[in-house]
Amino acid sequence: MKKFTFILVALFATTFVFGQNLVTNGDFSAWTGSKPDGWVLDPNTTTIFSQGTPDGLVATNPTATTKIYTTVAVEASETYDLTFTYSASHARFRIWSGFVDSIPQTGGITYLGTAQTDPLRTLNGYYIAATDNTETIRFVVPADKSLFRLEYRYYTQASSSFALKNISLVKYVVPTNQVATPVISPNAGNITAPANVSITCETEGATIYYTTDGTTPDETSTEYTAAFPVSATTTVKAIATKATFTNSEVATATYTFPVEVANIAAFLALPLDTWAKITGDIIAVYHNGQNMYVTDSSDDMLVYGTIPGENATPNGTIISGATAKLGTYGGQPQAVNPISAENSVITDNPVLPTVVAMANVTTADQAKFVKIENVQFKTSGTFGTTGDAQNATLADDQVVRNNFKFTGIAYDAAKHYDITGFINYYNGALQLYFIEIEERSTEGISQIEANAIKMFAEDGVLNVVSEGGMIEVYDVLGRNVANVEANNGLTSISNLPANQMLIVKIGNKTGKIVVK
């Protein structure tokens, strides 16, 4: 049975209020003024929340982060249930929760999640989903804490509004005559191989019943006698019973096996939030902290998140059996929440960037490893002076971003550069996340082969002088990289592999050249 009489302490207030729930004003459909009673509007918030709307606590198109919060007294080491309901027509807000040491707050927040970047998580993920739902999170107060802070926070997004309908916080007390809740092992979550599931109960003499179809078990369900296997996505639920005792609460564990797809392109075509395994090999291109870019013959992709066991994956590493969830950032798809791949092999064949002109790039090139040549910055400056991801603008107004937070990289508006990095579209705006900025020689490169093919390379373009015929271009591995019908005179060929030896053939004549 639950007890409902506790103390509400509003932040910056000294009045104690007794009520059924620790968080009062749980029904946000009826209130007046700039905020509900007992809640504090963050001083940096410029938008006033709507008053007493049927949908609840709503902020519509604020110009800055909108935040409202309250702080309540809790008992150290005790268990509490935090329950909240949100409305279907509102899509993107966060519930942040944690513990503070004083009122007014003088220190940081110890978050319920793993860090400040991990707000109160639900089955719906990082942002609360746009569905009518009521969810309860049960947590234990740390032994050294007695104040709980709850925040409702919204971040600017055009043409959206967000609503929290109801919220309450109550202490949970296990009845003395209730059977202990069963423990299901292994822990719920993503799983890549068949596993044996076991169920235990601390109450001596209790009988455990379980289901594997997601339904709520009772005494007519399957009795647990031994561990059983799961080899596909399964929700296991279990209760425990004992004569003269109240039945236990239901324990739930969902084991999710990944959808299997052949390659990156098929992964990117999945519905959002699908967890999947790429059965084909992918190749690591660049790894920097939580960012790893990968490619295969079908497409390119960013893998974002902590990659277990990997601190720096060398360019050219072949990765087999990679699993991740499909997410988005800035309106573009990416792989998130990756786990260890089945196998990885480091090779001596690094992926080389494709030489492109930024003017020709489209969203189809998202996450592509590229090199743009002979460009200038609009103004001079230095990346890495503030410790954040600064932007700079090229002479043609394209944006170069220091997304990986390199330090001390100066650029001069009077000089020309070759820039290597990755294409990114953030909310429709093109950016180049650079990994190398190299000052370019103003002399260019000129080569003429002595075996009757006249040609020279300059600014990433191969120029061939001939009297017609088919110009064939091969790399050193013999792969054909271009076939162009020659003009009678000068023929220019672009989009060739850069900084490697190329073999040019016209009829029975051949020549070698490096395009830079």
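These figures come from a predicted structure and were not determined experimentally. (Residues numbered from 1 in each chain as written. Predicted model: local features only at pLDDT ≥ 70, side-chain atom pairs only at ≥ 80, totals over all residues. Heavy atoms only, no water.)

Considering the overall build of the chain
Here is the rule: By the criteria applied, helices consist of DSSP H or I runs no shorter than four residues and strands consist of E runs no shorter than two, each listed in order from the N terminus. Each residue's exposure class comes from its accessible area (1.4 Å probe, protein chains only) as a fraction of the maximum for that residue type: buried when under 20%, exposed when over 50%, partly exposed otherwise. Contacts between residues were defined by any pair of non-hydrogen atoms, one from each residue, lying within 4.5 Å. Note on areas: these come from Shrake-Rupley sampling with a 1.4 Å probe, and a residue is covered only by the protein chains present in the view.
Looking only at helices and strands, one finds one helix and 43 strands in the chain. Here the chain holds 516 residues, and the buried ones make up 44% of them. Long-range contacts, defined here as pairs at least 24 residues apart, represent 62% of the contacts in the chain between residues at least 6 apart. Element-wise, carbon and sulfur atoms account for 49% of the exposed surface of the chain, whose accessible area totals about 25,100 Å².

Structural notes on the sheet that holds strand β39 (residues 470-475)
Pairing between sheet strands relies on hydrogen bonds along the backbone, with the strands arranged either parallel or antiparallel. The test is simple: The rule for pairing is simple: two strands pair if DSSP sees at least two bridges between them. Angles here are taken between N-to-C directions and fall from 0 to 180 degrees, while the axes themselves are lines fitted to C-alpha atoms, restricted in helices to the stretch in contact.
Strands sit in the order β40-β39-β42-β43 across an open sheet of four strands; the sheet is antiparallel. Both edges of this open sheet fall to β40 (480-485) and β43 (509-514), since each of them pairs with a single strand only. In this sheet, adjacent strand axes meet at a mean angle of 20° when their direction is disregarded.

Remarks on the packing of aromatic side chains
Quick note on the threshold: Each Phe, Tyr or Trp ring, with Trp reduced to its six-membered ring, pairs with another whose centre is within 6.5 Å; inter-plane angles below 30 degrees give stacked pairs, above 60 give edge-to-face pairs, and intermediate values give tilted ones. Over a ring means this: the NZ of a Lys or the CZ of an Arg is within 6 Å of the ring centre and within 35 degrees of the ring normal.
Following the criterion strictly, the structure yields 21 aromatic pairs and no others. Both rings, one in Phe404 and one in Tyr433, keep their centres 6.2 Å apart while their planes meet at 85°; by these two values the pair is edge-to-face. Of this pair, Phe404 sits in the loop between β33 (399-401) and β34 (409-411) while Tyr433 sits in strand β36 (residues 429-439), and the two are 29 residues apart along the sequence. Phe404 gets classed as buried once you look at its relative accessible area, which sits at 8%. By the ring-pair criterion, three or more aromatic residues cluster together here, those being Tyr286, Tyr293, Phe369, Phe377, Phe383, Phe404, Phe406, Tyr411, Tyr417, Phe422, Tyr433 and Phe434. Geometry around Tyr69 places Arg149 over its ring, the cationic atom sitting 3.8 Å from the centre.

Focus on the sheet that holds strand β15 (residues 207-211)
Strand order in the open sheet formed by five strands is β13-β19-β18-β15-β16, and the pairing between neighbours is mixed. The sheet terminates laterally at β13 (189-190) and β16 (222-223), the two strands that pair on one side only.

Quick word on the side chain of Thr234
Here Thr234 shows up in strand β18 (residues 234-241). Residues in contact with Thr234, not counting those within four places in the same chain, are Thr212, Ala253, Thr254 and Tyr255.

Overview of the environment of Asn291
With respect to the secondary-structure elements, Asn291 resides in strand β23 (residues 291-295). As a C-alpha pair, Asn291 and Leu302 span 11 residues in sequence and 6.8 Å in three-dimensional space. Excluding residues that lie within four positions of it along the chain, Asn291 makes contacts with Tyr286, Leu302, Val303, Tyr304, Asn403 and Phe404.

As for the environment of Asp365
By secondary structure assignment, the location of Asp365 is in the loop between β29 (354-355) and β30 (369-375). By relative accessible area, which is 17% here, Asp365 ends up buried. In the structure, Asp365 is positioned 58 residues away from Ile423 in sequence and 6.4 Å away in space, judged by C-alpha atoms. Apart from residues lying up to four places away in sequence, Asp365 is in contact with Asn360 and Ile423.

A word on a nonpolar patch on the surface
Heads up, the rule is: Only residues whose relative accessible area exceeds 30% and that take part in no salt bridge are eligible for patches, with like-charged residues grouped when within 9 Å of each other and nonpolar side chains (Val, Leu, Ile, Met, Phe, Trp, Tyr) grouped when within 5 Å. Put simply, a salt bridge is a Lys or Arg side-chain nitrogen that is within 4 Å of an Asp or Glu carboxyl oxygen.
Nonpolar side chains collect at one region of the surface, where Val476, Leu477 and Met501 lie side by side and expose about 300 Å² of accessible area between them. Considering the arrangement of structural elements, one finds Leu477 in the loop between β39 and β40. Judged by relative accessible area, Leu477 falls into the exposed class, the value being 63%.

Here's the deal with the pairing of β23
Buried residues dominate β23, accounting for five of its five residues. Two elements, strand β22 (residues 282-288) and β23, share five bridges in a ladder whose sense is antiparallel. Each bridged residue has a counterpart across the sheet, and for Ala284 the counterpart in β23 is Val294. Joining the antiparallel neighbours β22 and β23 is a turn of two residues, in which Gly289 adopts a positive phi near 60°.

A closer look at unusual backbone geometry
Most of the time, phi is negative for any residue but glycine, and the peptide bond is trans. The omega angle of the peptide bond from Ser185 to Pro186 is 0°, so this bond is cis rather than trans. Relative to the helices and strands, Pro186 is located in the loop between β12 (183-185) and β13. Within the chain, Ser77 stands out as a residue other than glycine whose phi angle is a positive 70°. Mapped onto the elements of the fold, Ser77 is located in the loop between β5 (66-73) and β6 (79-86). When its relative accessible area of 45% is taken as the criterion, Ser77 is described as partly exposed. The phi angle at Ala367 is positive, at roughly 70°, despite the residue not being glycine. For Ala367, the position within the fold is in the loop between β29 and β30. By relative accessible area, Ala367 is classed as buried at 6%.

Describing the pattern of salt bridges
Where side chains of opposite charge bring their charged atoms close, a pairing between them can arise. One pass over the structure, following the stated rule, counts seven salt bridges. A salt bridge links Asp397 to Lys378; its shortest N-O distance comes to 2.2 Å. With Asp397 in the loop between β32 (391-393) and β33 and Lys378 in the loop between β30 and β31 (381-383), this pair connects stretches of sequence that are 19 residues apart. Two residues, Lys415 and Glu439, come together in a salt bridge whose shortest N-O distance is 3.7 Å. Highlighted residues: Lys415 in the loop between β34 and β35 (417-426) and Glu439 in strand β36, separated in sequence by 24 residues. Look at Glu439 and you get partly exposed, because its relative accessible area is 49%. Via salt bridges that share partners, Glu75, Glu78 and Lys171 belong to a single interconnected network.

Digging into the confidence of the model for the chain
Quick reminder of the rule: Every residue carries a pLDDT, the predictor's confidence in it, which falls somewhere between 0 and 100.
Across the chain, pLDDT averages 80, with 77% of residues at or above 70. Low pLDDT (under 50) marks residues 114-131, which in the prediction has 43 contacts with non-local residues, meaning those over four places away or in another chain. Between residues 156-161, whose pLDDT stays under 50, and residues either more than four places distant or in other chains, the model counts 18 contacts.

Let's talk about the side chain of Ser466
Structurally, the position occupied by Ser466 is in strand β38 (residues 461-467). Excluding residues within four positions of it along the chain, Ser466 makes contact with Ala486, Asn487, Asn488, Gly489 and Ile506.

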